[in-house]
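# Observations on the three-dimensional arrangement
Single-letter residue listing:
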Amino acid sequence: MSAAQPYADELAPGAVLPTVLRNASRVQLFLYSAATWNPHRIHYDVDYARFEGHPDIIVHGPLQGAWLSQYVTDWAGPAGRMRSLQWQNRASALPERDYEFHGRVTAVDGDLVTLEVWEQDPDGNVLMPGEAVVQLPRRDRG
Amino acid sequence: MRGVSTTSLIPAETAARVGELLAPPVTVTVTAEGSQRYAQAVGDLNPIYFDEAAARAAGYRSVVVPPTYVAYALVQGRALHDIGTDGLFVGDQPIRLEVARIMFGGEEWDFVAPVHVGDVITGEARLAAIDQKDGSKGPFVRITREITYRTASGEVVARTRQIGIAR
């Protein structure tokens, strides 16, 4: 979906990826539960979520992982291929709140680019640190 | 058992299961309907997941699925009587632990080859590791399930290590 195609030989460690904002509606949480056949009540029943100790229904950890995956693949462009992605869900995210996705290049090795990527709340608390390796085209190889 | 003390949250019988298959392998045909509902629910409308021409223009042989979708293509539905009042699958946790609750702690994916709509994929889940750790809120258990996804010809397309945090 990215308009621009990044090239491995035009990137260096420290290059910063554009920030992307995500905000899940309650409808989105319901649809994600349905699409993944996940009936856990903490994602759609406020009373039950509170019973389990949460302040509200909570965003699925793997949905935030899927957002991180999309953050990387959108940036990598149509010719990019994500080779690995890992993340840690450290804290719960809530619906109807903004969360920021950030990234920066940490290494370039041939056509493989390593990214540090993470999700944080607007106060800068990191909810989900992660790392991705993306294979990108190089201009110097045609 | 190595490392098991009187305060262990991991029964010896559970520690002994590291490396075992957690369930019989599951095989499915990946459908456009399932993949596209997942992509829409995530909010990822990349045309390579919806449009043949866009997928080919990006170098794929046909429509592909979002990288993490393969895990959900293999989720098996359950009868209502196999789902608890909390919404969790009854009997889905073959790993016995002296803990109350398991939270999703993260994932480590390797994407080896793209998965296309129509591919026949088999997933095999193993208990890869189980360790007790000391956290700021007391001891917890880190459970790692490794799932390997293969095509009908046996080629590995993806592998994930799902981390569960139990306390």
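Residues numbered from 1 in each chain as written. Chains lettered and ligands numbered in written order. Predicted model: local features only at pLDDT ≥ 70, side-chain atom pairs only at ≥ 80, totals over all residues. Heavy atoms only, no water.

Okay, the interface of chain A and chain B next. Tallying the contact residues gives 35 residues for chain A and 36 residues for chain B. Linking chain A with chain B are zero salt bridges. The tally of links between chain A and chain B comes to 14 residue pairs in polar contact (both at pLDDT 80 or more). Broken down by secondary-structure element, the contributors of at least two residues to the side of chain A that touches chain B are α1 (26-35), α3 (61-76) and β2 (81-88) of chain A. Top element by residues in the side of chain A that touches chain B is α3(A). It accounts for nine residues. The residue inventory of the side of chain A that touches chain B, partitioned by class, reads 15 nonpolar, 14 polar and six charged. (Contact = heavy atoms within 4.5 Å. Salt bridge = Lys/Arg side-chain N within 4 Å of Asp/Glu carboxyl O. Polar contact = N/O pair within 3.5 Å; in protein donor to acceptor, adjacent residues only side chain to side chain. Helix = DSSP H or I, 4+ residues; strand = E, 2+ residues; numbered from the N terminus. Nonpolar A, V, L, I, M, F, W, Y, C, P; charged D, E, K, R; others polar.)

As a further point, take helix α2 (residues 32-42) of chain B. Residues and elements named next belong to chain B. If you check which residues of α2 are buried, you get G34, S35, Y38, A39, A41 and V42. End-on, the buried residues of α2 take up no more than an arc of 165 degrees, which puts them together on one face. Pointing more than 90 degrees away from the buried face of α2 are the exposed residues E33 and R37. (Buried < 20%, exposed > 50% of the residue type's maximum accessible area, 1.4 Å probe, protein only. Arc of directions from axis to C-beta.)

Here the focus is the pairing of strand β2 (residues 102-111) of chain B. In this sheet, β2(B) lies alongside β2(A) in antiparallel orientation, the contact comprising five bridges. The residue bridging S84(A) from the neighbouring strand is D110(B), located in β2(B). As paired elements, β2(B) and strand β5 (residues 156-166) of chain B share nine bridges and run antiparallel to each other. Bridge pairing links W109(B) to T160(B) in β5(B). (Pairing = 2+ DSSP bridges.)

This brings us to unusual backbone geometry. All names here are of chain A. With a phi close to 50 degrees, W37 is a non-glycine residue in the positive phi region. Here W37 is to be found in the loop between α1 and α2 (46-51). W37 gets classed as partly exposed once you look at its relative accessible area, which sits at 38%. Even without glycine at this site, E96 takes up a positive phi of about 60 degrees.

All names here are of chain A. Applying the stated criterion across every chain yields a total of 15 salt bridges over all chains. The residue R138 makes a salt bridge to D140 at a minimum N-O spacing of 2.9 Å. Among the charged side chains, a network of salt bridges with common partners joins R26, D56 and E96.

This brings us to the sheet that holds strand β4 (residues 138-151) of chain B. As summarised here, the arrangement of the 10 strands in space is β1(A)-β3(A)-β4(A)-β5(A)-β2(A)-β2(B)-β5(B)-β4(B)-β3(B)-β1(B), forming an open sheet in which the pairing is antiparallel. Of all the strands in the sheet, the pair left with one neighbour each is β1 (20-22) of chain A together with β1 (26-29) of chain B. Pairwise comparison of adjacent strand axes, ignoring direction, gives a mean angle of 25 degrees for this sheet. Sheet strands touched by α3(A): β1, β2, β3 (99-109), β4 (112-120) and β5 (126-135) of chain A together with β2 of chain B. Its angle to β2(A), the strand with the most contacts, is close to 145 degrees. (Axes fitted to C-alpha atoms, helices over the stretch in contact; angles between N-to-C directions.)

For chain B, the mean per-residue pLDDT works out to 90, and 90% of the residues sit at or above 70. Taken as a whole, residues 1-6 of chain B scores under 50 in pLDDT and shows four contacts with residues more than four places along the chain or in a different chain. (pLDDT = per-residue confidence, 0-100.)

What follows concerns α1(A). Every α-helix winds through 3.6 residues per turn, so residues three or four apart in the chain are directed the same way. Every buried residue of α1(A) is listed here: Q28(A), L29(A), Y32(A) and S33(A). Each buried residue of α1(A) lies within a common arc of 140 degrees when the element is viewed along its axis, so the set occupies one face. Looking at α1(A), the residues exposed on the side facing more than 90 degrees away from the buried face are V27(A) and F30(A). The inward-facing, buried residues of α1(A) contact α3 of chain A together with α2 and α4 (70-73) of chain B. Where α1(A) ends, the next residue or the one after it, W37(A), has phi of about 50 degrees, a positive value.

Turning to the packing of aromatic side chains, a few remarks are in order. Within this structure, the stated rule accounts for 10 aromatic pairs over all chains. Relative to Y38(B), the ring of Y32(A) lies with its centre 6.0 Å away and its plane at 50 degrees, an arrangement referred to as tilted. Residue Y32(A) is located in helix α1, and its partner Y38(B) is located in helix α2; the two belong to separate chains. Taken as a pair, Y32(A) and Y38(B) share a single burial class, namely buried. When the centroid spacing of 5.6 Å and the interplanar angle of 45 degrees are considered together, the rings of Y48(A) and F51(A) count as tilted. Of this pair, Y48(A) and F51(A) both sit in helix α2, three residues apart, roughly one helical turn. Take F51(A): its relative accessible area is 65%, and that puts it in the exposed class. An aromatic cluster is built from Y32(A), Y38(B), Y69(B) and Y72(B), whose rings are joined through pairwise contacts. Cation over ring: R81(A) sits above Y60(B), and NZ or CZ is 3.8 Å from the ring centre. Positioned above the aromatic ring of F89(B), the side-chain terminus of R78(B) is 4.1 Å from the ring centre. (Phe/Tyr/Trp six-rings, centres within 6.5 Å; stacked < 30°, edge-to-face > 60°. Lys NZ or Arg CZ within 6 Å of the ring centre and 35° of its normal.)

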